[in-house]
Amino acid sequence: FMTALFTAASAVTVTGLVVADTPVYWSPLGQAIIWVLILAGGMGWMTVAGFTLIILGQRITLPQRLALREPLGITQIGSVLTTVRNMTLTFMFLQIVGGVTLTLRFQSSFQWAWPKALWQGFFHAVSGFTNAGFTIMPDSASLSRFSGDTVVLAVMGILVMLGGLSYPVMADLIQTRRFGRYSLDTKIVLTGSLALWLLGALVIFAFEYAESSTLGPMGAADKLLNAAFHSISARSGGFSSVPTGAL
């Protein structure tokens, strides 16, 4: 029971810590429950609840709008429902695009049956975008199986980055498109994130370049790819493509 409780708590808070090997310990049903928990936790409970009410056509009262406004970080009550709808649809769209891309890659790489490739693709797309860090890839420590796969690491890295930026920043990027006109929050998030990602990638690349248990055996391009992926993932994603303990 404690293993189940800890895993459920880790999943719904998108923490990514585990006390059992996820692809081995849990049945397909158990993995599906973890997937639902990280999806709900990553989207935000209030957002999921608000979107459900919108779909059902329920009237959203003023106290409910005030409750929804706080986690969304918006000031105007009148834009709450529009923001909830747009944010949910945007998040779903990005996860679907990531899931389809990963599904196609997994199917072509491993020749899996389509249902297995689809499940693996969408589980990891959701886990990546929500920054949950959970993986169910067989015979792989986190994403170590893909240390030489540019497509998988690039897709997962992009999902982690987008999921970590937040919807207000993404909306500002799409609507404004000029750095000078971005909001102060967007400027801080962008400059801070880019600085951390670039600095982290350079440090990992430099210090692990010749380390035999991490980046050493790889070619220069793969070393740079894995260094960048680890820098992106370390900020919020929780994935690894080389043994973190060996760094």
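Model, not experiment: these values are computed from the prediction.

Q: Quick question: what am I supposed to make of the overall build of the protein here?
A: On a plain count of helices and strands, the protein comes out with 11 helices and zero strands. Secondary structure of the protein in N-to-C order comes out as α-α-α-α-α-α-α-α-α-α-α. Radius of gyration (C-alpha) of the protein: 19 Å, near the 18 Å computed for a compact globule of 247 residues. Partitioning the intrachain contacts of the protein with sequence separation of at least 6 by distance along the chain shows that 58% fall at a separation of at least 24. By element, 67% of the accessible surface of the protein is carried by carbon and sulfur atoms, the whole surface being about 12900 Å². Of note, the protein has its 13 positive side-chain charges centred 16 Å away from the centre of its 9 negative side-chain charges.

Q: Just to check I follow, could you spell out the pattern of salt bridges for this structure?
A: Pairing is possible between side chains of opposite charge, provided their charged atoms come close. Applying the stated rule across the entire model yields one salt bridge. A salt bridge links Arg 105 to Asp 149, with the shortest nitrogen-to-oxygen separation between them at 3.2 Å. With a gap of 44 residues between them, Arg 105 in helix H6 (residues 80-110) and Asp 149 in the loop between helix H7 (114-129) and helix H8 (150-165) connect regions that are remote in the sequence. On the accessibility criterion, Asp 149 (9% relative accessible area) is buried.

Q: I tried to follow the nonpolar core on my own but got confused; where do I start?
A: Note that soluble globular proteins tend to have their nonpolar side chains buried in a common cluster. Residues Phe 91, Leu 102, Phe 106, Phe 146 and Met 156 are the most contacted members of the largest nonpolar core, which totals 35 residues. When contributions to this core are tallied by element, the ones reaching two or more residues are helix H5 (62-72), H6, H7, H8, helix H9 (167-176) and helix H11 (220-237). The contact partners of Phe 106, leaving out residues within four places of it in the chain, are Gln 111, Trp 112, Ala 117, Gln 120, Gly 121, His 124, Met 137, Phe 146 and Val 152.

Q: Which parts of the structure should I look at to understand the side chain of Thr 7?
A: Relative to the helices and strands, Thr 7 is located in helix H1 (residues 2-12). A polar atom in the side chain of Thr 7 sits 2.7 Å from the backbone oxygen of Thr 3. Aside from chain neighbours lying at most four places away, what touches Thr 7 is Trp 26, Ile 34 and Phe 134.

Q: Just checking my understanding: could you explain a nonpolar patch on the surface for this structure?
A: A cluster of nonpolar side chains, Leu 89, Met 92, Ile 96, Val 100, Leu 104 and Trp 114, forms an exposed patch at the surface whose accessible area comes to about 560 Å². It is H6 that contributes the most residues to the nonpolar patch, five residues altogether. Looking at the element boundaries, Leu 89 is found in helix H6. With relative accessibility at 45%, the residue Leu 89 sits in the partly exposed group.

Q: When you look at unusual backbone geometry in this model, what are you seeing that I'm missing?
A: Peptide bonds are trans in most cases, and residues, glycine excluded, mostly fall at negative phi. Of note in the backbone geometry, Asp 139 takes a positive phi value of approximately 55° without being a glycine. In this structure Asp 139 comes out as exposed when scored by relative accessible area, which is 73%. Positioned with a positive phi, Ser 142 is a non-glycine residue whose angle comes to about 55°. Locating Ser 142 in the fold gives a position in the loop between H7 and H8. A relative accessible area of 16% places Ser 142 in the buried class.

Q: What is the right way to look at the environment of Thr 61 in this model?
A: Take Thr 61: it is sitting in the loop between helix H4 (45-56) and H5. Looking at Thr 61, the relative accessible area reads 26%, which means it is partly exposed. Sequence separation between Thr 61 and Leu 94 is 33 residues; the distance between their C-alpha atoms is 30 Å.

Q: Teacher, can you tell me more about the packing of aromatic side chains here?
A: Aromatic rings considered in pairs are described by the distance between their centres and by the relative angle of their planes. Taken as a whole and judged by the stated rule, the model has 12 aromatic pairs. Centroid distance Phe 106 to Phe 110: 6.4 Å. Interplanar angle 35°. Geometry classified as tilted. Separated by four residues within a single helix, Phe 106 and Phe 110 lie in helix H6, roughly one turn from each other. Both rings, one in Phe 106 and one in Phe 146, keep their centres 5.4 Å apart while their planes meet at 35°; by these two values the pair is tilted.

Calculation criteria
- Residues numbered from 1 in each chain as written.
- Predicted model: local features only at pLDDT ≥ 70, side-chain atom pairs only at ≥ 80, totals over all residues.
- Heavy atoms only, no water.
- Helix = DSSP H or I, 4+ residues; strand = E, 2+ residues; numbered from the N terminus.
- Rg over C-alpha atoms; globule rule 2.2 N^0.38 Å.
- Contact = heavy atoms within 4.5 Å.
- Areas by Shrake-Rupley, 256 points an atom, 1.4 Å probe, with all protein chains shown as cover.
- Lys, Arg positive; Asp, Glu negative; His and termini not counted.
- Charge placed at Lys NZ, Arg CZ, Asp CG, Glu CD.
- Salt bridge = Lys/Arg side-chain N within 4 Å of Asp/Glu carboxyl O.
- Buried < 20%, exposed > 50% of the residue type's maximum accessible area, 1.4 Å probe, protein only.
- Core = buried A, V, L, I, M, F, W, Y, C linked by side-chain atoms within 4.5 Å.
- Polar contact = N/O pair within 3.5 Å; in protein donor to acceptor, adjacent residues only side chain to side chain.
- Patch = residues over 30% accessible without salt bridge, like charges linked within 9 Å, V, L, I, M, F, W, Y side chains within 5 Å.
- Phe/Tyr/Trp six-rings, centres within 6.5 Å; stacked < 30°, edge-to-face > 60°.

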